[in-house]
Every structure is written in C-alpha cells, then in structure tokens.
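# Per-entry structural report
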Amino acid sequence: MTLYRQSRLVQTAPESCREEVEQVNEGIHRRLAELTDLRYPLPTDRHRSLVRVAAAEGPYGLVRPYLRNAVPDWMPEVVVASSRAILELGD
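What comes next is a walk through the structure. It should be emphasised that the depicted structure is a prediction, and the values quoted were computed from it without experimental measurement. (Residues numbered from 1 in each chain as written. Predicted model: local features only at pLDDT ≥ 70, side-chain atom pairs only at ≥ 80, totals over all residues. Heavy atoms only, no water.)

Turning our attention to the overall build of the protein. Within the protein one finds five helices and zero strands. Overall, the protein shows an N-to-C arrangement of helices and strands of α-α-α-α-α. By the compact-globule yardstick of 12 Å for 91 residues, the protein is too spread out, its C-alpha radius of gyration being 16 Å. Oriented by its inertia axes, the alpha-carbon framework of the protein measures out at about 45 × 40 × 15 Å. Burial statistics for the protein: of 91 residues in total, 22% are counted as buried. Counting every atom, the protein has about 7100 Å² of accessible surface; 55% of that belongs to carbon and sulfur. The average position of the 12 basic charges and that of the 13 acidic charges among the side chains of the protein differ by 5 Å. (Helix = DSSP H or I, 4+ residues; strand = E, 2+ residues; numbered from the N terminus. Rg over C-alpha atoms; globule rule 2.2 N^0.38 Å. Buried < 20%, exposed > 50% of the residue type's maximum accessible area, 1.4 Å probe, protein only. Areas by Shrake-Rupley, 256 points an atom, 1.4 Å probe, with all protein chains shown as cover. Lys, Arg positive; Asp, Glu negative; His and termini not counted. Charge placed at Lys NZ, Arg CZ, Asp CG, Glu CD.)

Structural data, given as structure tokens:
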C-alpha cells in the first residue's frame, strides 16, 4: 500500500472491500513493531518511526527511480548502509 493513501482508498473502495482495505497493512505494521522491539530495548515513537523509514520508506525511495529499468547491482549495499545509519540514530 505504498502507492496510495490507504485512508483515501478505504473511502473510495466498494463497501464490500472496505474492511479488507482497512486491514491490508496490518501484517506489515505488526512486523515493523516486532523489529522495533528487537532493535531497541525500550522502544519509543521515535524508534518506531526510524524502523519504518529504515525498513520500508528509505529502501523504497532509493530503489523507486530504477524500477522502470534495471536496479543497479550496487543498490543492495546502498540500501543496507542507509538502513543501518538510520537505525543508529535511535541508539
């Protein structure tokens, strides 16, 4: 659900699909919470935001410009370095 605003989609989805659309990101939210708990002993809202950026928003933003073509072979290294640096902001 990264290309669309989920709340907007819920409003415009057919009634029969709204509950499913409301819950489509629940698995991702749960996993990000688990990752936050694993990374930081006493997680805060800031930690949760850092994990979301490091695990989802940052990598997506780095890779997105290359999706119509080939993703460069060096991109995984960039994503890992970027994500580590973001997570270290919470240490």
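Spanning 14 residues, helix α5 (residues 75-88) covers 20 Å between terminal C-alpha atoms, matching the ideal 20 Å at 1.5 Å per step. If you follow the buried residues of α5, they end up packed against α3 (26-39) and α4 (45-63). (Expected span 1.5 Å × (residues − 1). Contact = heavy atoms within 4.5 Å.)

A few words on α4. Its 19 residues give α4 an end-to-end C-alpha distance of 26 Å, which sits within 8% of 27 Å, the value for a rise of 1.5 Å per residue. A maximum bend of about 45° is found in α4 at Val 53. If you check which residues of α4 are buried, you get His 47, Leu 50, Val 51, Ala 54, Gly 58 and Pro 59. Looking at the packing, one finds that the buried side of α4 touches α3 and α5. (Bend = angle between axes of the 7 residues up to and from the residue.)

The tally for this structure, following the rule as stated, stands at one aromatic pair. A centroid spacing of 6.1 Å and a plane angle of 85° characterise the contact between Tyr 66 and Trp 74, whose relative ring orientation is edge-to-face. Since its relative accessible area comes to 41%, Trp 74 is described here as partly exposed. (Phe/Tyr/Trp six-rings, centres within 6.5 Å; stacked < 30°, edge-to-face > 60°.)

Running from N to C, α3 and α4 point in directions that differ by 115°, and their axes come no closer than 9 Å. On the basis of their axis angle, the class for α3 and α4 is roughly perpendicular. When you trace α3 past α4, the crossing you get is right-handed. Across the interface between the two elements, Leu 32, Leu 35 and Thr 36 from α3 touch His 47, Arg 48, Val 51, Arg 52 and Ala 55 from α4. Residue composition of the contact of α3 with α4, grouped by class: four nonpolar, two polar and two charged. (Axes fitted to C-alpha atoms, helices over the stretch in contact; angles between N-to-C directions. Parallel < 35°, antiparallel > 145°, perpendicular 65-115°, else oblique. Left-handed = near helix turned anticlockwise from the far one by under 90°. Nonpolar A, V, L, I, M, F, W, Y, C, P; charged D, E, K, R; others polar.)

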